[in-house]
Amino acid sequence: MKNEIEFLIQSAIISLVNAGALPEEVAAEVTLSRPREAKHGDYATSIALQLAKPARRKPRELAEAIVAVIGEDARIERIEIAGPGFINIHLSPAARQAVIGEILAAAENYGRSRLGAGRKVQVEFVSANPTGPLHVGHGRGAAYGAALAELLAAAGFSVHREYYVNDAGRQMDILAVSVWMRYLQRCGIDVPFPANAYKGDYVREYAERLYTQEGDGWAVSRQQLLDNLPPDAPEGGDKETYIDALIARVRELLGDNRYRFVFELGLNLTLDDIRDDLAAFGVEYDEWFSERSLTERGRVNKVIEQLRDANLLYEKNGALWFRSSEFGDEKDRVVQRDNGQTTYFASDIAYHLDKFERGFERVIDIWGADHHGYIPRVMAALTALGIEAERLDVLLVQFAILYRGGERVQMSTRSGSFVTLRELREEVGKDAARFFYVMRAASQHLDFDLDLAKSQSADNPVYYIQYAHARVASVMRQLAERGLAHDRARGLAHLDRLTSTHEQALINLLGRYPELIESAALAAEPHQIAQYLRELAQGFHTWYNAEQFIVEDAELRDARLDLCLAVQQVICNGLHLLGVSAPETM
RNA sequence: GCGCCCGUAGCUCAGCUGGAUAGAGCAUUCGCCUUCUAAGCGAACGGUCGCAGGUUCGAGUCCUGCCGGGCGCGCCA
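Residues numbered from 1 in each chain as written. Chains lettered and ligands numbered in written order. Predicted model: local features only at pLDDT ≥ 70, side-chain atom pairs only at ≥ 80, totals over all residues. Heavy atoms only, no water.

Asks: Mind laying out the side chain of D562, listing which residues take part and the relevant values?
Replies: Along the chain, D562 turns up in helix α21 (residues 554-578). Notably, D562 is buried but unbridged: the nearest opposite-charge side chain belongs to R488, and the N-O separation is 5.1 Å. A polar atom in the side chain of D562 sits 2.9 Å from the backbone nitrogen of L492. Beyond its immediate chain neighbours, meaning those up to four positions away, D562 contacts I100, L104, H486, R488, G491 and L492. (Helix = DSSP H or I, 4+ residues; strand = E, 2+ residues; numbered from the N terminus. Buried < 20%, exposed > 50% of the residue type's maximum accessible area, 1.4 Å probe, protein only. Lys, Arg positive; Asp, Glu negative; His and termini not counted. Salt bridge = Lys/Arg side-chain N within 4 Å of Asp/Glu carboxyl O. Polar contact = N/O pair within 3.5 Å; in protein donor to acceptor, adjacent residues only side chain to side chain. Contact = heavy atoms within 4.5 Å.)

Asks: Give me the lowdown on the sheet that holds strand β2 (residues 76-82), citing residues and values where you can.
Replies: The pairing of strands in a sheet comes from backbone hydrogen bonds and takes either a parallel or an antiparallel form. Spatially, the 3 strands line up as an open sheet ordered β1-β3-β2, and their pairing is antiparallel. Edge strands, defined here as strands with exactly one partner in the open sheet, are β1 (43-45) and β2. Between one strand axis and the next, the sheet turns by 20° as a mean value, whatever way the strands run. Strand direction decides the pairing type here: β1 and strand β3 (residues 86-91), joined by 3 bridges, are antiparallel. Paired with Y43 across the bridge in β3 is I89. Contacting β2 and β3, helix α3 (residues 59-70) crosses the sheet at an angle of about 165° to β2. (Pairing = 2+ DSSP bridges. Axes fitted to C-alpha atoms, helices over the stretch in contact; angles between N-to-C directions.)

Asks: Explain the domain arrangement of chain A to me, using residue names and the numbers behind them.
Replies: When the domains of chain A are assigned, the result is domain 1 (2-91), domain 2 (97-115 + 457-577), domain 3 (125-133 + 165-286 + 398-454) and domain 4 (297-397). Summarising the inter-unit geometry, the C-alpha centres of domain 3 and domain 4 are found 27 Å apart. Taken together, the contact pairs 6 residues of domain 3 with 6 residues of domain 4. Counting across the domain 3 and domain 4 interface gives 0 residue pairs in polar contact (both at pLDDT 80 or more). (Domains from an automatic or database assignment.)

Asks: Before we move on, can you summarise the nonpolar core with the specific residues and values?
Replies: Core analysis: the biggest nonpolar cluster contains 136 residues, and W180, L225, L424 and Y437 have the highest contact counts within it. Not counting residues within four places of it along the chain, the set of residues in contact with L225 comprises W180, M181, L184, V191, V220, L246, R249, V250 and L253. The next biggest cluster of nonpolar side chains, apart from the first, holds 35 residues, and it includes Y351, F360, Y374 and L385. (Core = buried A, V, L, I, M, F, W, Y, C linked by side-chain atoms within 4.5 Å.)

Asks: Just give me the short version of the pattern of salt bridges, but keep the residues and values in it.
Replies: Going through the model one piece at a time under the given rule, you end up with 37 salt bridges. Residues R96 and D42 are paired through a salt bridge, measuring 2.9 Å at the closest nitrogen-oxygen approach. Of the two residues, R96 is situated in helix α4 (residues 93-106) and D42 in the loop between α1 (2-18) and β1; the sequence distance between them amounts to 54 residues. The buried category is assigned to R96, whose relative accessible area is 19%.

What follows is the structure in structure tokens.
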């Protein structure tokens, strides 16, 4: 409806221009807004105010000219010019009510848009290092990314959901060594656990697997392991230097095959865990993209050559540097270390290039806010490789802080006592977790109140919204119990009976939903959906308390039930986008 | 020091990409169940939109400078 009205006004302006009543250069884009005040109509535009100056005409006079050209239209009851020159459009009751029929006919497709026109968009999110279980910080990225992907799909984009698996690099070696050290301890060998290793209990579980499979056959002596190693942090050494030396030693002692085995064991068990966890969180991917595969396919070296050929690399202190500062980054960056190893950044350049080579028109990365400093170098690399940086959107998700009993829940990765996403899910449930994570703008720090998320009351927005959905189902059950049947067509034929302010407000809200999908998708703001659903549920609860639906008058009854079902459908569709279930009973 | 994000009601936050009298929820106070789920509804109370300038018909929204908070500034990933 909004688009139709916009088109109407746009056409009016064009015909004024054609008639010479307006200079050509004023043909601006007409945008409609939903006025806050009901008396300002269903839609309003300030186009006359915007055009007044370039057209050298008084705003109200211009508004009158535009309105005169529009003339009569069946969808419009009346058009008013208000204030300094706003054009307020009041839809005809029939045009407004028609949305109920549209919703019931389109069902789960109501609100879907062709805005994206099938354009290929990739959304990469979570992509946490597979060195341990996901924690609550990753949960927000997961919930946000999944909701955004759904939203873009609903807006007509062809969406590809991807998880970038950092299965190469030093962090994975540290995990392998962590597992190996726990294994040795399991074998009864007294070795100190490195300061920089992964201390979580899951590492012991992985080691137990290895022990179950191999017994103590892969064990070595303390002497063999530690001989001539530099001191670890507790002995006054450097934990980084120590762990690197230890990694080299373990490799040497185990040999390639066995080292590989331990490495893969850690990687695969962790990935299985992450996959299961996300699946239970309602988050599914189209692709799990391996970082290692980039190296194996020579993509990293290839991109380095590409940069070298473009004369964008130089050597300094034995390392290879990319001139990213020439493309807006604050300093140049190393792509290959003095030991010959390529950096994570080098892989990331190859990865982003690969994304665009796979044909995505637009690529969205969702990162934790702590990675924001990394954006300019990735953008610089893309620009250097001839890809317009605008095609990549890096969306930052701020931290979520958990509160329990009014107290901040402390999290510490170092001690291994962090709160995992799984624990959160088990404590508050998938629905509440998914909803709470996306109910605020991603750019806002999120206070996640665990007690509220668990509470089954109106204070809890998830239950409030789900309750509205369940209430409709309950009304329909009551109807059946009273031996009555719902006649949708009869209701649709008598929508003019829905005259109360509550009903009008609900109908207006329902009509906004398709516009909301588009605006939320374009702005990458799933929280708009969450806010809207609360508003819609509130409108429904208010109506529910004010009026009986199951009344004697069958025409009125069916009209009201049609509205009920339309509300239920939109709540269901909206919750689906957010990954929250829509229960029939509560 | 430099860069990014954020400052809106006592608290947690919206504010539709510059519009009309700044809105919700919670908290507080007062009401509503013999009637479709009270996991609900209604009402009241509550604001120098961090501060100061600027841009214009019009600024919570855009620009500049301060103040306050978060995060980041590795040959880690």
